[in-house]
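Chain by chain, the residues run as shown.
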Amino acid sequence: MRRIQRSGDIDIVPAGMGGSWEDDADVHVLQLSLDPKLLAEVAGELGVDDRAAELLPRFQMRDTRIEAIGWAIRADLEAETPSDPLYIDLLANALAVRLIETIDRQPASNTGHTQKFSERQLKLLTEFIETNLDRKLYLSDLADAVGVSGTRLKTLFRNSTGIPVHQYVIRRRVDYAKALLTTTTMPASEVAVAAGFSHQSHMASTMRRLTGQAPSDIARLSSFGPKLQRRV
């Protein structure tokens, strides 16, 4: 079978399915693989029967949401400094959700109100984040901290705070780094590690993007700057 492949075409190939193809010219393909366990977990969370959620081969389908997720993953892979692993976990979860949605074709259930974390759950989660800013955080870590699934966590967190959980974590890393820079004599390289950034340049680029200031600008502020808020 011959076909003309266009930018944005999406092929879904179930795990274990064999096959091969040959291109007539140079082509760039972004290949993404999802753990079947993640698909099964998401299907259960969405109330979709495992058998009904089974992926079938589909070729040259078009889906703007899947394409957007793909572009976001590609951008992160090509970035000089990769994002926090939490961000990739959330993208993988979003991709699994969308794949299940394209199979199920059923409208999402409407409970009549916006579900949010309880005050206790939100406090537990934000405290967990505060005490673990110095290490890489994964979606499973946060979900385990409050006893919910990853898919449910990202929805409840956005509903409760108004922002995605990975953006919240990044902002808290920046806030904590700013506090260290203005209230301690720690070198910027050590501050970056303590706040969970990959390295000093990663911290600097993130700070400039979110605050418009470089670490050196912040360090010149008065020592009467913000008090440390991270719980230890």
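Here the structure is shown first, and the text comes after it.
Residues numbered from 1 in each chain as written. Predicted model: local features only at pLDDT ≥ 70, side-chain atom pairs only at ≥ 80, totals over all residues. Heavy atoms only, no water.

### Some points on the overall build of the protein
So, step 1. Broken down by element type, the protein carries ten helices and two strands.
So, step 2. Taken over 232 residues, the protein has a buried fraction of 35%.
So, step 3. Long-range pairs, those at least 24 residues apart, make up 74% of the contacts in the protein between residues at least 6 apart in sequence.
So, step 4. A total accessible area of about 14700 Å² is found for the protein, and carbon and sulfur atoms account for 50% of it. (Helix = DSSP H or I, 4+ residues; strand = E, 2+ residues; numbered from the N terminus. Buried < 20%, exposed > 50% of the residue type's maximum accessible area, 1.4 Å probe, protein only. Contact = heavy atoms within 4.5 Å. Areas by Shrake-Rupley, 256 points an atom, 1.4 Å probe, with all protein chains shown as cover.)

### As for the environment of Gln-31
So, step 1. In this structure, Gln-31 sits in the loop between strand 1 (10-12) and helix 1 (36-45).
So, step 2. Residues Gln-31 and Arg-74, 43 residues apart in the sequence, show an inter-C-alpha distance of 9.8 Å.

### A closer look at unusual backbone geometry
So, step 1. Phi is positive for Gln-60, close to 55°, though the residue is something other than glycine.
So, step 2. Of the residues examined, Gln-60 reaches a relative accessible area of 28% and is grouped as partly exposed.

### A look at the nonpolar core
So, step 1. Membership of the largest hydrophobic core comes to 32 residues, with the highest contact counts inside it found for Phe-117, Leu-125, Ile-129 and Leu-153.
So, step 2. Elements represented by at least two residues in this core include exactly helix 3 (85-104), helix 4 (119-131), helix 5 (139-146), helix 6 (150-161), helix 7 (165-183), helix 8 (188-194) and helix 9 (200-211).
So, step 3. When residues of this core are assigned to their parent elements, the largest contribution, eight residues, is made by helix 7.
So, step 4. Setting aside its immediate chain neighbours within four residues, Leu-125 contacts Phe-117, Leu-142, Val-146, Leu-153 and Phe-157.
So, step 5. Ile-10, Ala-43, Ala-96 and Leu-99 belong to the second largest nonpolar core, which has 17 residues in total. (Core = buried A, V, L, I, M, F, W, Y, C linked by side-chain atoms within 4.5 Å.)

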